[in-house]
Amino acid sequence: MEVSRIRALRGPNLWSQHTSIEAVIECAAQESDIARMQGFEDRLRARFPLLPMLQPSGHHDAVSLAHVLELTALSLQANAGCPVTFSRTTPTLESGIYQVVVEYTEEDVGRLAFDLAIELCRAAQQDLPFDVDGALARLRELDEDIRLGPSTGSIVDAAVARNIPYRRLTSGSMVMFGWGSRQRRIQAAEMDRTSAIAESIAQDKELTKKLLAAAGVPVPRGGIATTAEAAWALAQQVGLPVVTKPKDGNQGKGVTVNIGNRESLLRAFAIASEYGDEVIVERYLAGDDFRLLVVGNKLVAAARRDPPQVVGDGEHTVRQLVDLINSDPRRGTGHATSLTRIRFDDIALARLAEQGYEADSVPSRGQRVMLRNNANLSTGGTATDVTDDVHPSVAACAVEAARMVGLDICGVDMVCDSVLKPIEEQGGGIVEVNAAPGLRMHLTPSYGKGRAVGESIIEDMFPAGEDGRIPVVAVTGTNGKTTTVRLITHLLGSGGLRTGMTNTDGVYIEGRRIDSGDCSGPKSARNVLMHPDVDAAVFETARGGVLREGLGYDRCQVAVVTNIGSGDHLGLNYITTVEDLAVLKRVIVQNVAQNGMAVLNAADPIVASMSENCAGQVTYFAADRHHPVMTMHRAQGLRVVFVDGRDLVAAEGIGEVRIPLADVPITLGGTLAFQVENVMASVAAAWAVGVSWDSIRAGLRSFSNDSDNAPGRFNMFRYRGATVIADYGHNPDAMLALVKAVETLPARRRSVVISGAGDRRDEDIRQQTRILGDVFDDVLLYQDQCQRGRQDGEVIALLREGLEGSRRTSSVREIRGEFVAIDTALGSLNDGDLCLILVDQVDEALAHIAARVAEAA
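Note that the structure is predicted; figures quoted are calculated from it, not measured.

Conventions adopted
- The written sequence of each chain sets the order in which its residues are numbered from 1.
- Local features in a predicted model are, by the rule used here, given only for residues with pLDDT of at least 70; side-chain atom pairs are given and counted only at 80 or more, and totals for whole chains, interfaces and linings are based on all residues.
- With hydrogens and water set aside, each side-chain value is computed from the structure's full complement of heavy atoms.
- Numbering goes from the N terminus for both helices and strands, where a helix is a DSSP run of H or I of at least four residues and a strand is a run of E of at least two.
- Every residue pair with non-hydrogen atoms within 4.5 Å of one another is taken to be in contact.
- Surface accessibility follows the Shrake-Rupley procedure with a 1.4 Å probe radius. Residue values consider only the protein chains on display as shielding.
- When charges are tallied, Lys and Arg are placed among the positive residues and Asp and Glu among the negative ones, while His and the ends of the chain are skipped.
- Note on charges: their place is set at NZ of Lys, CZ of Arg, CG of Asp or CD of Glu.
- Only strands that DSSP links by at least two bridges are regarded as paired with each other.
- The cut-offs for exposure are 20% and 50% of the maximum accessible area for each residue type, with area from a 1.4 Å probe on protein chains only; residues under the lower value are buried, those over the upper are exposed, and the others partly exposed.
- By construction, the arc corresponds to the directions joining the helix axis to the C-beta atoms.
- A fitted line through C-alpha atoms represents every axis, and for helices the fit uses only the stretch in contact; the resulting angles, taken between N-to-C directions, go from 0 to 180 degrees.
- Between Lys or Arg on one side and Asp or Glu on the other, a salt bridge is scored when a side-chain nitrogen of the former is within 4 Å of a carboxyl oxygen of the latter.
- Each aromatic pair joins two rings of Phe, Tyr and Trp (for Trp, the six-membered one) with centres within 6.5 Å, and gets the label stacked for planes under 30 degrees apart, edge-to-face for over 60, and tilted for any other angle.
- Working rule: Lys NZ or Arg CZ, within 6 Å of ring centre, within 35 degrees of ring normal, means a charge sits over the ring.
- The nonpolar core is taken to be a set of buried Ala, Val, Leu, Ile, Met, Phe, Trp, Tyr and Cys residues, with the residues joined through side-chain atoms within 4.5 Å.
- Working rule for angles: under 35 degrees goes down as roughly parallel, over 145 as roughly antiparallel, 65 to 115 as roughly perpendicular, anything else as oblique.
- Should the near helix be turned anticlockwise from the far one by less than a right angle, the crossing is termed left-handed; should it be turned clockwise, right-handed.
- Charged means Asp, Glu, Lys or Arg here, nonpolar means Ala, Val, Leu, Ile, Met, Phe, Trp, Tyr, Cys or Pro, and polar covers whatever is left, Gly included.

Turning next to the overall build of the protein chain. From N to C terminus, the protein chain includes 28 helices and 38 strands. Taking the principal axes of the C-alpha coordinates as reference, the protein chain spans close to 110 × 70 × 55 Å. Long-range contacts, defined as pairs at least 24 residues apart, comprise 66% of the intrachain contacts of the protein chain with a sequence gap of at least 6. About 35200 Å² of surface is accessible on the protein chain, with carbon and sulfur atoms providing 48% of the total. Considering the protein chain, the positive charge centre built from 87 side chains and the negative charge centre built from 111 side chains are found 2 Å apart.

Dropping the structure here:
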């Protein structure tokens, strides 16, 4: 078994909507049926007893080693605690070669699971040992290390439940919710609108106390000391017992409470000084430690926190009792679990000594032994939910504290006897205010019911009815994608939407190119969705990006499929037939939102049939209004776009909107049939987004067929009395469309300049010149810089073969170099001639032609 390729599909893809690992596996002849591998399954199950059945009951088909690898990788993740369910193995047309797809929730975990599955299968083949428990432990450890913690995870889960898209921006806890101009961001439990000043205030505990006191919020008396002697003097001033803590501390680090004598204070000061030169000394407030969580202007949860402690049983030592508690699977070493293991360190030993115990002391049955003074969960404390018990005045006090500091999400630490009555009545007070508070004590308290604090945070960021989404239009097809993307973008812009666009030319934000090259893949789409100045996005969605990584978004509002025709790029990446290509292209249709729209070419049967895979509505377009698909759809009161005489018509039931094609310059008054199709698709998409008809009309009038609006898409020039057309057509369907358009234009003599992309099938390359040979008098073949895996001269030879027996071509020339070929063709033109130049380097070639035209003017 050999693995020739492994890649991560990070969005909806050819196989499913799940993020997945995809691999190409080559199996030897006997590995295509493990029944021929004597004892293999028994050896595999001996090493991994949790492996599920290799095929459903009642089936007796041959099971390949690739399929075993698939199930093993999935099962390893599932048994490590990862919520995965989808996997698939598909044989290719090449004997013994399979495509294996396995879902993951964390990419690194999915990749490791795949590697471990390969090791396990090979160990079973070769009868070698394999530590499956160790493998599962590695997967769990990696998953816990890289997945979102409980606080951030709860917010993400709440967003997903609200259909709000999210993207993790770092390996830590920074997450973006929503897209474009509607996005919001968090860092753990801190919102993007929380100011750095508010966070600084919360870190400065003394300043926080001053602000709270100014607002009338009860706080303990105290001050700051920089020496041990000053700390003792301050303690005597405020009155014993006292609390010491670092001025800029967090998570209870360096905190010592209930200090009643000089010796204890000096020791506590030394501990706090490890975290900073300035140490707060304040009056100790008697009572329990409560954490109140404020989101926006509302108290959403409250918990009583108890210090880490053990209860004696008369048999075990304190150390043993701690070990027993720490064996609870809910307790971990960090914040990924609901509880943290109790630290049995010098602080714990000192606290034991204060109570007359040592580590090996055996407390009597029922005796409660404290291991710390502070009740932070990060040091092993426990939490009891008291949300329903909080007195309104206590809640108001917590909200006032959060507002005074300026925190949108705030953890307010309060010490008092009870939250059932006002804190002023019991001598309590607020001792601390925390930015980015931990949420796990409220999500999964040790006792009491959990609170949906993640939902509260999402509700504060996204009011009811908002999902953070901007309109996303995805465009795919064999031909016309780039022009359609550009025109849709122009129409949305005419409607007042700041629009981001990706295509094979680059990435554009409001018409400004921010990246160049082929940007029709998911990475570029994700970059546009991150841009804060984008109100809508239009993505050219090429086959390569979908195969390589899936879509760059979870769903779109509008999916446009221009055509499939005879296809393109067939024979690459196991997409060998037009039907295979259609399955790949329809991925965008399968991921239309339920309230979205698919815009489909009714005249292309394969495209029209994609409506069965759409969860939303469908708009059909076709020049022929009487096409059966069109008439049936309109009869049902649904949307269609067609041509009626010299008008483009958008109809829904009996309602119609007419736009004269004379007002659509890109179609040359309706003479360019392929541009009319692009316009119909674009109008349907803009209609689906909700652009007004006045804006659509204005956008169509202002979108001309020049090299600025649609570079490489039937751009026309005048050169010494001749007509020169530059186009990026590069497959047989494009040639047919161009020929049909050229034949509508008068010309004394027609010539064409063409090369061919080497990554097409031989027949596809021949077919292009076979089509052109019946219309053009002169053909100039050129070899461009990139032959895409072909030998020198191989593409030109195929193009020449296509011209054999042509009905019209009388002259064929061959030239090396695109720009030399362009100059040669221009030099041969006379008044009244027409020359079609099929460019390869679009921007450079158009600039070259424009320069030659300017020189001749």
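Here strand 5 (residues 166-168) runs beside strand 6 (residues 174-177); their pairing, made up of three bridges, is antiparallel. Each residue of the ladder has a partner; that of R167, found in strand 6, is M176. Here strand 5 folds back onto strand 6 in antiparallel fashion, the turn holding five residues. Inspection of the sheet shows strand 6 paired to strand 7 (residues 184-187) by four bridges, in the antiparallel sense. Counted as the bridge partner of M174 is Q187 from strand 7. The hairpin turn running from strand 6 into strand 7, its antiparallel successor, is six residues long, and G178 in that turn takes a positive phi close to 80°.

Turning to helix 8 (residues 228-238), a few remarks are in order. What sets the pattern is the α-helix's 3.6 residues per turn: residues three or four places apart point alike. For helix 8, the full list of buried residues reads A231, W232, L234, A235 and V238. The arc that holds the buried residues of helix 8, viewed along the axis, is 165°, so those residues lie on one side. For helix 8, the exposed residues set more than 90 degrees away from the buried face come down to Q236 and Q237. For helix 8, the secondary structure elements touched by its buried residues are strand 9 (222-225), strand 10 (242-246), helix 9 (262-273) and strand 12 (279-283). Of the residues one or two after helix 8, G239 is the one with positive phi, at around 100°.

So, on to the sheet that holds strand 11 (residues 256-259). Strand order in the open sheet formed by four strands is 9-12-10-11, with antiparallel pairing between adjacent strands. Looking at the sheet topology across the chains shown, the edges are occupied by strand 9 and strand 11. Averaged over all adjacent pairs, the angle separating strand axes in this sheet is 20°, with direction ignored. Pairing of strand 10 with strand 12, which is carried by five bridges, proceeds in the antiparallel orientation. Each residue of the ladder has a partner; that of K245, found in strand 12, is I280.

Take helix 11 (residues 346-354) next. Within helix 11, burial applies to A348, R351 and L352. On an axial view of helix 11, the arc spanned by its buried residues comes to 105°, and they lie on one face. The outward face of helix 11, more than 90 degrees from its buried face, is lined by the exposed residues D346 and A353. At its buried positions, helix 11 is contacted by helix 10 (318-326) and strand 18 (368-370). Phi for G356, located one or two positions after helix 11, is positive at around 85°.

In this section: the pattern of salt bridges. Opposite charge on two side chains permits them to pair, given that their charged atoms come into close proximity. Inspection of the entire model under this criterion finds 57 salt bridges. One salt bridge connects R305 with D289, and the closest N-O pair in it is separated by 3.1 Å. Of this pair, R305 sits in strand 14 (residues 298-306) while D289 sits in strand 13 (residues 288-295), placing them 16 residues apart in sequence. The buried category is assigned to D289, whose relative accessible area is 19%. Here R526 and E549 are joined by a salt bridge, their closest N and O atoms 2.4 Å apart. Taken as a pair, R526 in helix 16 (residues 522-530) and E549 in helix 17 (residues 543-549) lie far apart in primary sequence, 23 residues in all. E549 matches R526 in its accessibility class, with the two residues each being buried. One salt-bridge network, in which partners are shared between bridges, spans R625, R634, D644, D647, E656 and R658.

Now for the packing of aromatic side chains. Summed over the entire model, instances satisfying the criterion amount to three aromatic pairs. Each ring, one from F674 and one from F714, has its centre 5.5 Å from the other, and the planes form 65°; the classification is edge-to-face. Taken as a pair, F674 in helix 22 (residues 673-689) and F714 in the loop between helix 23 (693-701) and strand 33 (715-719) lie far apart in primary sequence, 40 residues in all. Among the residues examined, F674 registers a relative accessible area of 17% and is labelled buried. A cation sits over an aromatic face here: R469 above W179, 5.0 Å from the ring centre.

Residues L529, F539, Y553, I588, V589, L600 and Y620 are the most contacted members of the largest nonpolar core, which totals 52 residues. Setting aside anything within four residues of it in sequence, one finds F539 in contact with V472, V473, A474, V475, V485, T502, A525, V528, L529 and Y553. Counting 46 residues, the second largest nonpolar core, distinct from the first, contains M1, L112, L116 and L136.

Further remarks concern the sheet that holds strand 30 (residues 639-644). Spatial strand order, 25-24-23-26-22-27-28-29-30-31-32: 11 strands in an open sheet with mixed pairing. A strand with exactly one partner marks an edge of an open sheet, and here the two such strands are strand 25 (512-516) and strand 32 (655-660). Ignoring which end each strand starts from, the neighbouring axes of this sheet average 15° apart. Sheet topology note: the strand 31 (residues 647-652)/strand 32 ladder contains six bridges and is antiparallel.

Before going further, it helps to spend a moment on the packing of helix 25 (residues 762-772) against helix 26 (residues 794-803). At their nearest, the axes of helix 25 and helix 26 sit 7 Å apart, and the two run at 50° to each other. Viewed along their axes, helix 25 and helix 26 adopt a mutual orientation that is oblique. In this structure, helix 25 meets helix 26 at a crossing whose hand is right-handed. Along the contact surface, helix 25 presents D762, I765, R766, T769 and R770, while helix 26 presents V795, L798, L799, E801, G802 and L803. By residue class, the composition of the contact of helix 25 with helix 26 is five nonpolar, two polar and four charged.

Next up on the list: the side chain of S151. Counting through the fold element by element, S151 comes out in helix 5 (residues 150-161). Given a relative accessible area of 14%, S151 falls into the buried group.

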